[in-house]
Amino acid sequence: MAFLPYILVCAGEDSGDVIGEPLVKALCSQNIVVKGAGGHRMQSVGMVPLVDFEVLPVSGFGDVVPKYFKLRQCFNVLKSSLESPECLGLIAIDYPGFNMKLVAQAGKFRKPALYVAPPQVWAWKRKRAKVLAQNPYVKLAVFFDFEEQVYREAGCNVVRVKHPFANSELGIRNSELHLERHKTSHGIAEIEAVFSQCCLLLPGSRKAQALRNLPLMLKAVQMTRKSLEISRMEITLLAARWELVEVFENALRQFGDDDLIRKIHVVESPQEADARRAIYQDASLALTAPGTATLELALSGCPMIVCVKPDALTYGFARVFVKTKYFALPNIILNKLVYPEKICAPGKEQCTVAGIAQEIASECISKQNPDTDVLYSKLSAGMSLGQLAAEFFRQFVEREAE
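Novice: What am I meant to see in the overall build of the protein chain here?
Specialist: Counting secondary structure elements, the protein chain contains 20 helices and 13 strands. Across the 402 residues of the protein chain, 52% fall into the buried class. In the protein chain, 68% of the contacts between residues at least 6 apart in sequence involve partners at least 24 apart.

Structure follows, in structure tokens:
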């Protein structure tokens with residue numbers, strides 16, 4: 001049997017899939033076989049999937065337990081692939097539950113590993129930086145200056161890279177071209193509700209977490225929908241991938257407010273960054289879960305409220321161990337509270353809903369100062385992900401030449 005070398009990649013969430021797409025594309029353009037874990041974006045540019053991506057997205061301890069055995073099975077498949085003599089190296093993207101172990105395994109077998117968006121040690125579990133520093137075979141690639149500093153101080157081999165959101169068009173209000181492309185591939189009916197005055201709901205890309213966040217958002221809109229602004233708005237519920245569309249539609253049917261539900265359109269979020277940007281720019285308000293979507297919304301100039309309802313175990317753990325002033329990425333990067341943040345503590349849903357509703361009704365939302373230029377400049381530092389992939393691949397070519 002012919003020896004078919006490949007590079008293993010592991011991305012376990014939609015945000016990782018966005019990051020992984022240009023990496024996989026750059027490698028496949030060099031005729032390198034890429035296998036591993038990733039979503040539609042990574043698969044569309046050439047990655048061969050080894051596991052079911054839908055199993056992987058989880059948020060917090062409470063989400064892991066019900067999927068433990070499926071997750072364990074997926075991890076074992078990736079671990080075996082990494083140990084194969086045909087595997088040249090590893091590209092790990094975020095997802096520390098898997099990738100910290102896979103990176104350690106790569107070091108054990110003396111295989112080079114590139115860890116893009118490594119653990120957020122600036123927020124908690126700082127010891128992970130020391131663990132990574134002790135592995136001579138791993139190189140870290142980070143997006144933000146404050147995390148570069150923490151990893152460099154720990155002795156890690158780290159490089160700063162440009163965030164993929166910094167590559168899409170910035171500040172373009174006339175976005176019909178991108179919407180037309182999305183309409184052509186997804187059908188006019190799917191996005192016709194996104195135009196004009198619109199309130200966006202982005203409950204998250206992880207199914208269990210999104211189903212906790214969605215009722216919180218719906219109740220807040222329900223409480224304020226008689227206000228002058230909300231009453232005139234269309235409400236668009238964005239699903240990060242098509243598998244979540246049916247999940248969200250079922251959740252809406254179970255909510256029990258037919259008048260409100262009739263105003264809500266469930267839309268699959270487009271894969272093209274500029275098409276997403278067009279939707280965000282045309283919206284008047286977004287209620288969003290924390291995560292990378294907050295960066296795109298901020299860069300688009302869309303007013304937003306960041307809200308989340310973690311499971312009780314994760315909430316308790318975070319209260320003790322997570323040491324950050326903010327939890328929304330734009331606020332963290334800018335080091336100030338630009339976008340309101342609401343965390344629903346166990347047993348405090350009614351209070352949180354009232355707080356979100358109050359923010360919706362507040363005139364402060366329309367007066368948010370997003371510091372878009374500052375945010376964009378902070379995301380634009382460093383080499384591109386395509387250049388990073390080319391640099392990672394170059395070491396294998398040089399090894400063959402020796």
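Novice: Can you walk me through the pairing of strand 10 (residues 264-268) in this structure?
Specialist: Counting buried positions along strand 10 gives four out of five residues, so the element sits mostly inside the fold. Alignment of strand 9 (residues 234-239) against strand 10, held across five bridges, turns out to be parallel. Among the inter-strand pairings, A239 is bridged to a residue of strand 10, identified as E268.

Novice: Would you mind showing me how to read the packing of helix 14 (residues 273-281) against helix 15 (residues 293-300) here?
Specialist: Each pair of packed helices gets described by two things: the angle between the helix axes and the distance between those axes. Direction vectors running N to C along helix 14 and helix 15 enclose 65°, while the axes themselves pass 9 Å from each other. Read as a crossing pair, helix 14 and helix 15 show a hand that is right-handed. Contact residues: A273, R276, R277, Y280 and Q281 in helix 14; E296, L297, L299 and S300 in helix 15. Within the contact of helix 14 with helix 15, the residues separate by chemical class into four nonpolar, two polar and three charged.

Novice: Is there a simple way to explain unusual backbone geometry in this structure?
Specialist: The phi torsion of most residues other than glycine is negative, and most of the peptide bonds are trans. If you check the backbone angles, N31 has positive phi at about 60° while not being a glycine. Looking at where N31 falls in the secondary structure, it is placed in the loop between helix 1 (14-28) and strand 2 (33-37).

Novice: Would you take a moment to explain the nonpolar core for this structure?
Specialist: One recurring pattern in soluble globular proteins is that nonpolar side chains are buried together. Core analysis: the largest hydrophobic core is formed by 95 residues, its most contacted members being I91 and V116. Ranked by size, the runner-up nonpolar core spans 32 residues in total, among them M217, V221, L244 and F255.

Novice: Looking at this structure, how should I read the pattern of salt bridges?
Specialist: Charged atoms that come close allow side chains of opposite charge to pair. Using the criterion set out here, one finds 12 salt bridges in the structure. Among the salt bridges present, the one from R152 reaches E148, with a minimum N-O distance of 2.8 Å. Residue R152 and its partner E148 are both found in helix 7 (residues 145-153); the two are separated by four residues, about one turn of the helix. A relative accessible area of 43% places R152 in the partly exposed class. The salt bridge involving D259 is made with R262; its shortest N-O contact spans 2.4 Å. A network of salt bridges, in which partner residues are shared, links D14, E54 and R241.

Novice: In this structure, what is going on with the sheet that holds strand 13 (residues 341-343)? I would like to understand it.
Specialist: Strand order across the open sheet formed by six strands is 10-9-8-11-12-13, with parallel pairing between neighbours. The sheet is open, and its two borders are formed by strand 10 and strand 13, each paired with just one other strand. Taken pair by pair, the neighbouring strands of this sheet meet at an average axis angle of 20°, ignoring direction.

Novice: Is there a simple way to think about the sheet that holds strand 7 (residues 158-160) in this case?
Specialist: Within a sheet, each strand pairs with its neighbour through backbone hydrogen bonds, oriented either parallel or antiparallel. Read across the sheet, seven strands follow the order 3-2-1-4-5-6-7 without closing on themselves; strand pairing throughout is parallel. Edge positions in the open sheet fall to strand 3 (48-49) and strand 7, since each of these has one partner strand only. By the bridge criterion, two bridges tie strand 2 to strand 3 in an arrangement that is parallel. Within the sheet, the bridge partner assigned to G36 lies in strand 3 and is P49. Helix 4 (residues 68-83) rests against strand 1 (6-11), strand 2 and strand 4 (87-93) of the sheet, and its axis sits at about 155° to strand 1.

Novice: Explain the environment of A328 here, please?
Specialist: Counting through the fold element by element, A328 comes out in the loop between helix 16 (312-321) and helix 17 (329-334). Relative accessible area serves as the criterion here: at 0%, A328 is assigned to the buried category.

Novice: Whenever I open this one, the confidence of the model for the protein chain confuses me. Can you help?
Specialist: Close reading of the predicted structure is inappropriate where its pLDDT is low. Per-residue confidence for the protein chain averages 85 on the pLDDT scale, and 85% of its residues sit at or above 70. For residues 169-196, every residue scores under 50 in pLDDT, and the model assigns this stretch 44 contacts once sequence neighbours within four places are set aside.

Novice: For this particular structure, what's the right way to read the packing of aromatic side chains?
Specialist: Each aromatic ring pair is summarised here by two numbers: the centre-to-centre distance and the angle between the ring planes. Evaluated as defined, the whole model comprises six aromatic pairs. Centroid distance Y95 to F98: 5.0 Å. Interplanar angle 65°. Geometry classified as edge-to-face. For Y95, a relative accessible area of 7% corresponds to the buried category. Ring geometry for W122 versus F146: centroids 5.1 Å apart, planes at 85°, classification edge-to-face. Of the two residues, W122 is situated in the loop between strand 5 (113-116) and helix 6 (127-133) and F146 in helix 7; the sequence distance between them amounts to 24 residues. W122 sits in the buried class, given a relative accessible area of 13%. Aromatic rings pair up to connect W122, F143, F144 and F146 into one cluster. Seen from the ring of Y6, K35 lies directly overhead, with NZ or CZ sitting 4.5 Å from the centre.

Novice: Teacher, can you tell me more about the state of the cysteines here?
Specialist: Cysteine pairs can be covalently joined through their sulfur atoms, and such a bond is termed a disulfide. Inspection of the entire model under this criterion finds zero disulfides. Looking at the unpaired C302, the closest cysteine sulfur is the one in C198, lying at 8.6 Å. Taking relative accessible area as the criterion, C302 reaches 1% and is therefore assigned buried.

Calculation notes
- Along every chain, residues carry numbers that run from 1 in the direction the sequence is written.
- In keeping with the predicted nature of the model, local features appear solely for residues at pLDDT of at least 70, side-chain atom pairs appear and are counted solely at 80 or more, and the whole-chain, interface and lining totals rest on all residues.
- Calculated side-chain values reflect all of the structure's heavy atoms, with hydrogen atoms and water omitted.
- Numbering of helices and strands runs from the N terminus, with a helix taken as a DSSP run of H or I at least four residues long and a strand as a DSSP run of E at least two residues long.
- Each residue is placed in one exposure class: buried if its accessible area under a 1.4 Å probe, protein chains only, is under 20% of its type's maximum, exposed if it is over 50%, and partly exposed if it falls in between.
- The contact criterion used is simple: two residues touch if any of their non-hydrogen atoms lie within 4.5 Å.
- Here a strand pair is declared whenever DSSP counts at least two bridges between the two strands.
- Here the axes come from fitting lines to C-alpha atoms, over the contacting stretch only for helices, and the angles between their N-to-C directions go from 0 to 180 degrees.
- Handedness of a crossing follows from how the near helix is turned relative to the far one, being left-handed for an anticlockwise turn of less than a right angle and right-handed for a clockwise one.
- Any residue outside Ala, Val, Leu, Ile, Met, Phe, Trp, Tyr, Cys, Pro, Asp, Glu, Lys and Arg is labelled polar, Gly included; the first ten of those are nonpolar and the last four are charged.
- The term nonpolar core refers to a set of buried residues drawn from Ala, Val, Leu, Ile, Met, Phe, Trp, Tyr and Cys, joined through side-chain atoms within 4.5 Å.
- In what follows, salt bridge is the name for a side-chain nitrogen of Lys or Arg lying within 4 Å of a carboxyl oxygen of Asp or Glu.
- pLDDT is defined as a per-residue confidence score from the predictor, taking values between 0 and 100.
- In this analysis, rings of Phe, Tyr and Trp, with Trp reduced to its six-membered ring, are considered paired at centre separations within 6.5 Å, and the interplanar angle assigns stacked below 30 degrees, edge-to-face beyond 60, and tilted for intermediate values.
- Here, a charge over a ring means that NZ of Lys or CZ of Arg falls within 6 Å of the ring centre while also lying within 35 degrees of the ring normal.
- Only a pair of cysteine sulfur atoms within 2.5 Å qualifies as a disulfide here.

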